[in-house]
Amino acid sequence: MGLTARVLAIDAGNSKTDVAIVTAAGEVLSTARGGGFRPPAVGLDAAMTTLTHTVTQALTSAGLTTVDHVSACLANADFPVEEDQLAAALHARGWGRTVTVRNDTFAILRAGVTEPRGVAVVCGAGINCVGMRPDGRTARFPALGRVSGDWGGGWGLAEEALWHAARAEDGRGRPTALARTLPAHFGLPSMYALIEALHLGAVEQSRRHDLTPVLFATAADGDPVARTIVERQADEVVAMAVVALTRLDLLDEPTPVLLGGGVLAARHAQLNGRIAEVLSDRAPKATPQVVTAGPVLGAALLGLDEMGAGEGAQERLRAHLGA
């Protein structure tokens, strides 16, 4: 492919989708943002319809109908068979001659490194981890929640905080300020009132996510139970990272460990500090760093990798997308 070749980069998460059209020289021709990509919730056809609207907007803005390569990092592409199914669905749209589909965690990893080498742990609503080497080797986890051995993420942290707070209030568990701070966030007087409000729908279940920052604030104020929960999350992040480093034979090499997603990007001092401390003990040559660049940059860089683009193209792309 020559320097005039173009890549359609897609970062499609559960809540939003970002698209960019870039040339092999790293020039950004257009961008677009649309709704989330959730095939398990709405079905593949409906999810593809939403994605098509966003991609069409970007292609039209660039004055194009097709590109040379589609580099898509998609939520819910958790197994190779799902990546193959989604790649077939994208190829059928005729947007590009070739299509590569990866889990969206790979976009965060690639956005944070200068070459496709390292490990990324993403802690947003859930938790996931991937790793990659320039030779194409990867490490990954199913990341389906408790059924695949995962613990934490925003949803899991909120659930754990609620569990401890409920038991503290009724006497089954250790005392914790969470029994006061969690219901107070919703203007309620007790955990009993919050449990009732969640059960009856007076507080929507989706608003459990609101409680994760409350957990971190309570931990920062010194509450032992809240601090224990935060420490467990840090230990889980390190456990996933160390396994990925081991699988890729990177444990004894200087390697970046990228931290992404809303929980880690918030830079909570206790959480990120403990991650650095435990990681330095279990993987002394690993270097943790928070990724602030948008994941669509990672999807675009992966596309440029496929096209054999040089460092100059990467630098132009990073400069345009604000990394």
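Worth saying up front: this structure is predicted, and the values here are computed from it rather than measured.

### Regarding the sheet that holds strand E2 (residues 16-23)
Then, in step 1: Pairing is mixed across the open sheet formed by 5 strands, whose spatial order is E3-E2-E1-E4-E5. At either margin of the open sheet sits one strand with a lone partner, and together these are strand E3 (28-35) and strand E5 (96-103). Taken pair by pair, the neighbouring strands of this sheet meet at an average axis angle of 15°, ignoring direction.
Then, in step 2: Pairing analysis gives 7 bridges linking E2 to E3, with the strands arranged antiparallel. Counterpart to Val-22 in the pairing with E3 is Val-28.
Then, in step 3: Lying on the sheet, helix H2 (residues 44-62) is in contact with strand E1 (6-12), E2, E3 and strand E4 (67-74); it crosses E3 at an angle near 155°.

### What to know about the environment of Asp-249
Then, in step 1: Turning to its location among the elements, Asp-249 is positioned in the loop between helix H9 (224-247) and strand E9 (255-260).
Then, in step 2: Since its relative accessible area comes to 48%, Asp-249 is described here as partly exposed.
Then, in step 3: When the C-alpha atoms of Asp-249 and Ala-46 are compared, they prove to be 41 Å apart, with 203 residues separating the residues in sequence.
Then, in step 4: Beyond its immediate stretch of four places on either side in the chain, Asp-249 contacts Arg-133 and Arg-137.
Then, in step 5: Within the structure, Asp-249 has its side chain in polar contact with the side chain of Arg-137 (distance 3.1 Å).

### Overview of the packing of helix H6 (residues 178-185) against helix H8 (residues 211-220)
Then, in step 1: The interhelical angle for the contact between H6 and H8, taken along N-to-C directions, is 145°, at an axis separation of 10 Å. The handedness of the crossing between H6 and H8 is right-handed. Contact residues: Leu-178, Thr-181, Leu-182 and His-185 in H6; Leu-211, Val-214, Leu-215 and Thr-218 in H8.
Then, in step 2: Of the residues assigned to the contact of H6 with H8, the class counts are 5 nonpolar, 3 polar and no charged.

### Observations concerning the packing of aromatic side chains
Then, in step 1: Tallied over the entire structure, the rule returns 0 aromatic pairs.
Then, in step 2: Sitting over the ring of Phe-141, Arg-247 keeps its end group 4.8 Å from the ring centre.

Reading the values: the criteria
- Residues numbered from 1 in each chain as written.
- Predicted model: local features only at pLDDT ≥ 70, side-chain atom pairs only at ≥ 80, totals over all residues.
- Heavy atoms only, no water.
- Pairing = 2+ DSSP bridges.
- Helix = DSSP H or I, 4+ residues; strand = E, 2+ residues; numbered from the N terminus.
- Axes fitted to C-alpha atoms, helices over the stretch in contact; angles between N-to-C directions.
- Contact = heavy atoms within 4.5 Å.
- Buried < 20%, exposed > 50% of the residue type's maximum accessible area, 1.4 Å probe, protein only.
- Polar contact = N/O pair within 3.5 Å; in protein donor to acceptor, adjacent residues only side chain to side chain.
- Left-handed = near helix turned anticlockwise from the far one by under 90°.
- Nonpolar A, V, L, I, M, F, W, Y, C, P; charged D, E, K, R; others polar.
- Phe/Tyr/Trp six-rings, centres within 6.5 Å; stacked < 30°, edge-to-face > 60°.
- Lys NZ or Arg CZ within 6 Å of the ring centre and 35° of its normal.

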